[in-house]
Amino acid sequence: MNATVATSVFGGFMVLTVVLGLLAVRGRGSGGGLTEWSVGGRSLGTVFIWVLMAGESYTSFSYLGAAGWGYNFGAPVLYVLAYMSCGYALGYVVGPMLWAYARRHGLVGITDMIAHRYRSPWLGAAVALLATVCLLPYIQLQITGMGVVVSTISYGAISLNWAYFLAFAVTTGFVVVSGLRGSAWVSVLKDILVIGTLGFLAVYVPLHYFDGYGPFLDRIVAEKPQWLTFPGHASGGLGPVWFLTTTVVNSLTVVIFPTTVAGYLGARNADALRRNAMYLPFYNVLLFVPMLLGMAALFVVPGLVGADSNLALFKLVVDSLPAWAVGLIGVAAALSSIVPMAVFMLVIGTMWGRSVLGALSRPGGGAAGEASGEGRGRASGGRQKLWSQLVVVAAGALALLLTYTAPDTLVRLSLISYEGMAQLVPMLLLGLVWRRLTRCAAVSGLVAGFALVCVLVFGGHDPVWGMNAGIVALAVNVAVALLVTWLGPRDTDERPDAEVLALEDEFPRDGALPQGGAVSPPVSS
């Protein structure tokens, strides 16, 4: 009976999820093109941007990994709160800058921006390949996370394999049709459930198991003091230096992460992004709940090891709550997988449809692209959208297939995902504010940084000297880029600064573009 009730609640909300995604594009027809599909026509307001970007940051990790880290290690899990809050502060400046640059030049993602900045379609395609390698593991992790949640809240009635397929089918079902706008609509439902369920659990679990927060915290201090200080319990050396360096490198990375940038570019104006950067940290308060409840599970369900520790929160839920409540909490956790997974898939599709397949089909390559008119850009938009949608299905299917057949393949790649994406920071952010950074220098820095990340991480040297390996590689990346800029070939790009750089007057406070807000065609991307 419990399985039937919980599964029925879950199934009903999954149907509602697909319906919401499809309703998001009702009345908009099918001719919106790539911009409408990939960045919501650049028309999302503050509320939709807030729930969408909160949805990207609040994933299945928040229910599973955060509780698991709290259960296993304790204090080191607070790095998530630190880097996300610092990233939002950086996003107050970076978000409007990238939004204005992309809008001015008709761009729809970071690979587009890089191709335009360095006048090199092949570089945009290469970055798309690199970013795909770093993003695919996140799709698999969300599929796996949702599978674990669904199997657990159904009391085992739904197998892991069927749950994995359900995650893929529901997400693909609405994102292919409705794109970013559909993800934003589903994010509203997700946030209502997340805030409601975590708010309830934050009160219920301490009262039910410990008679309140006072006795609960007293017991942690008395019996588990290692969990409250760095480097935590059995964390392998995740001390204060690791915490600080991880916060720095992750906060830099999150502002240029392709899924974050997709949220930026969907905004109606720059002020929506500034307000969003101020409001998002409030959402982070919710992350304390699974972290604390993970430590509460130490006393209620001791002895969880390996992957089972990620179920610490759900062990508390399934053992003490009625089936309908278990179903609701499972829906909130599942949607926390579906929303970010949808954006990951959409971003991979957009990068390939625009920067890889789009570049291959563009006559004359890079320079020829600059002679193309706005009309041709609109004509190719339909083809690029179709290619992007096909790549969405292919990327999701590949992640699903590897989840079934070779899950360790993407899990190993996930080790370098964030630290690898960090190596794009100089190429993108430094390149948009400093004209002297040449294509040769940016590529040299990227290659050096990414290679060092792979050597350190796969060689078992992360942390290195107590520091996050990503920041060591990023320092090498910047040093190489500067050295090649000063000693290597000079930039021969004769375009004016307004065409190459993200200038301050490009992102005024009211979000209006200068010179009547004209948008140039997607020249070389």
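Residues numbered from 1 in each chain as written. Predicted model: local features only at pLDDT ≥ 70, side-chain atom pairs only at ≥ 80, totals over all residues. Heavy atoms only, no water.

*Asks:* Please explain the overall build of the chain as it appears in this structure.
*Replies:* On a plain count of helices and strands, the chain comes out with 24 helices and zero strands. For the chain, with 525 residues in total, the buried portion stands at 59%. For the chain, the share of sequence-separated contacts (at least 6 apart) that also reach a separation of at least 24 residues comes to 86%. Total accessible area on the chain is roughly 19400 Å²; 68% of this is exposed by carbon and sulfur atoms. (Helix = DSSP H or I, 4+ residues; strand = E, 2+ residues; numbered from the N terminus. Buried < 20%, exposed > 50% of the residue type's maximum accessible area, 1.4 Å probe, protein only. Contact = heavy atoms within 4.5 Å. Areas by Shrake-Rupley, 256 points an atom, 1.4 Å probe, with all protein chains shown as cover.)

*Asks:* Can you walk me through a nonpolar patch on the surface in this structure?
*Replies:* A cluster of nonpolar side chains, V15, V19 and L23, forms an exposed patch at the surface whose accessible area comes to about 230 Å². Topologically, V19 is positioned in helix α1 (residues 2–23). Judged by relative accessible area, V19 falls into the partly exposed class, the value being 38%. (Patch = residues over 30% accessible without salt bridge, like charges linked within 9 Å, V, L, I, M, F, W, Y side chains within 5 Å. Salt bridge = Lys/Arg side-chain N within 4 Å of Asp/Glu carboxyl O.)

*Asks:* Mind showing me how you'd approach the state of the cysteines here?
*Replies:* Taken as a whole and judged by the stated rule, the model has zero disulfides. The thiol of C134 is unpaired, and the distance to the nearest cysteine sulfur, on C454, comes to 8.3 Å. Here C134 falls in the buried class, since its relative accessible area comes to 1%. (Disulfide = S-S within 2.5 Å.)

*Asks:* Would you explain the side chain of S183 in this entry?
*Replies:* Locating S183 in the fold gives a position in helix α9 (residues 160–210). Every residue in contact with S183, bar those within four places of it in the chain, is listed here: L52, F174, V175, V339, A342 and V343.

*Asks:* Got a minute to help me understand helix α6 (residues 79–105) in this structure?
*Replies:* The periodicity of an α-helix, 3.6 residues per turn, causes residues three or four places apart in sequence to face the same way. With 27 residues, α6 extends 36 Å between its outermost C-alpha atoms, agreeing within 8% with the 39 Å of an ideal straight helix rising 1.5 Å per residue. Along α6, the helix axis deviates most sharply at G91, where the bend reaches about 45°. Burial within α6 is extensive, with 20 of its 27 residues counted as buried. One or two steps after α6, the chain reaches G106, where phi turns positive at roughly 65°. (Expected span 1.5 Å × (residues − 1). Bend = angle between axes of the 7 residues up to and from the residue.)

*Asks:* Teacher, can you tell me more about unusual backbone geometry here?
*Replies:* It is generally the case that most residues other than glycine have a negative phi and that most peptide bonds are trans. Here the amide bond leading from F230 into P231 is cis, since omega sits at 5°, within 30 degrees of zero. Locating P231 in the fold gives a position in the loop between α10 (213–223) and α11 (240–254). Looking along the chain, the bond that leaves D462 and enters P463 is cis, with omega of 5°. Backbone geometry places R119, a non-glycine residue, at a positive phi of 50°. If you trace the backbone, R119 turns up in the loop between α7 (110–117) and α8 (121–153).

*Asks:* It is not clear to me how the packing of α6 against helix α13 (residues 270–284) should be interpreted in this structure. Could you clarify?
*Replies:* The angle between the axes and the distance between the axes are what describe a pair of packed helices. Contact geometry for α6 and α13: axes closest at 8 Å, N-to-C directions at 175°. With respect to their mutual orientation, α6 and α13 come out roughly antiparallel. Taking contact as the criterion, the partners of L81, M84, S85, Y88, G91, Y92, G95, P96 and W99 in α6 are, on α13, A270, L273, R274, A277, M278, L280, P281 and N284. Among the residues forming the contact of α6 with α13, the class breakdown is 12 nonpolar, four polar and one charged. (Axes fitted to C-alpha atoms, helices over the stretch in contact; angles between N-to-C directions. Parallel < 35°, antiparallel > 145°, perpendicular 65-115°, else oblique. Nonpolar A, V, L, I, M, F, W, Y, C, P; charged D, E, K, R; others polar.)

*Asks:* Just to check I follow, could you spell out the side chain of S38 for this structure?
*Replies:* Structurally, the position occupied by S38 is in helix α2 (residues 33–39). A polar contact of 2.7 Å, which involves the side chain of S38, links it to the backbone oxygen of L34. In this structure, S38 is in contact with V108, L180, L346 and T350, ignoring residues within four places of it in sequence. (Polar contact = N/O pair within 3.5 Å; in protein donor to acceptor, adjacent residues only side chain to side chain.)

*Asks:* Can you help me understand the packing of aromatic side chains in this one?
*Replies:* Working definition: an aromatic ring pair is given by the centre-to-centre distance plus the angle between the planes. Under the defined criterion, the tally for this structure stands at 21 aromatic pairs. One aromatic cluster is present, formed by W69, F73, Y79, Y83, Y138, W242, F257, F344 and Y418 through successive ring pairs. (Phe/Tyr/Trp six-rings, centres within 6.5 Å; stacked < 30°, edge-to-face > 60°.)

*Asks:* What exactly am I supposed to notice about the environment of S187 here?
*Replies:* Locating S187 in the fold gives a position in helix α9. Filtering out sequence-adjacent residues up to four positions away, S187 remains in contact with V51, L52 and V339. A polar contact of 2.8 Å, which involves the side chain of S187, links it to the backbone oxygen of S183.

*Asks:* How should the pattern of salt bridges be read in this particular structure?
*Replies:* Oppositely charged side chains may form a pair once their charged atoms are brought near each other. Taken as a whole and judged by the stated rule, the model has eight salt bridges. What emerges from the salt-bridge pattern is a single network uniting R119, D493 and R495.

*Asks:* I would appreciate a short explanation of the packing of α6 against α7 in the present structure.
*Replies:* At a closest axis distance of 11 Å, the pairing of α6 and α7 adopts a crossing angle of 70°. Of the possible angle classes, the one that applies to α6 and α7 is roughly perpendicular. Relative to α7, α6 is oriented so that their crossing is left-handed. Counted together, L98, Y101, A102 and H105 of α6 and M113, H116 and R117 of α7 form the full contact between these two elements. Each residue belonging to the contact of α6 with α7 can be placed in one class, and the counts come to four nonpolar, two polar and one charged. (Left-handed = near helix turned anticlockwise from the far one by under 90°.)

*Asks:* Would you take a moment to explain the environment of P121 for this structure?
*Replies:* Structurally, P121 can be placed in helix α8. Sequence-wise, P121 and G358 are 237 residues apart; in three dimensions their C-alpha atoms are separated by 9.3 Å.

*Asks:* So what exactly am I meant to see when it comes to the environment of R104 here?
*Replies:* Take R104: it is sitting in helix α6. With 395 residues separating them along the chain, R104 and E499 place their C-alpha atoms 9.0 Å apart.

*Asks:* Where do I start with the confidence of the model for the chain in this structure?
*Replies:* Interpreting fine coordinate detail is not advised for predicted regions of low pLDDT. Averaged over every residue, the pLDDT of the chain is 87; the share at 70 or more is 90%. The low-confidence segment residues 364–376 (pLDDT under 50) makes 15 contacts with residues lying over four places distant or belonging to another chain. With pLDDT under 50 throughout, residues 515–525 is counted as low confidence; its partners more than four residues away or in other chains account for 38 contacts. (pLDDT = per-residue confidence, 0-100.)

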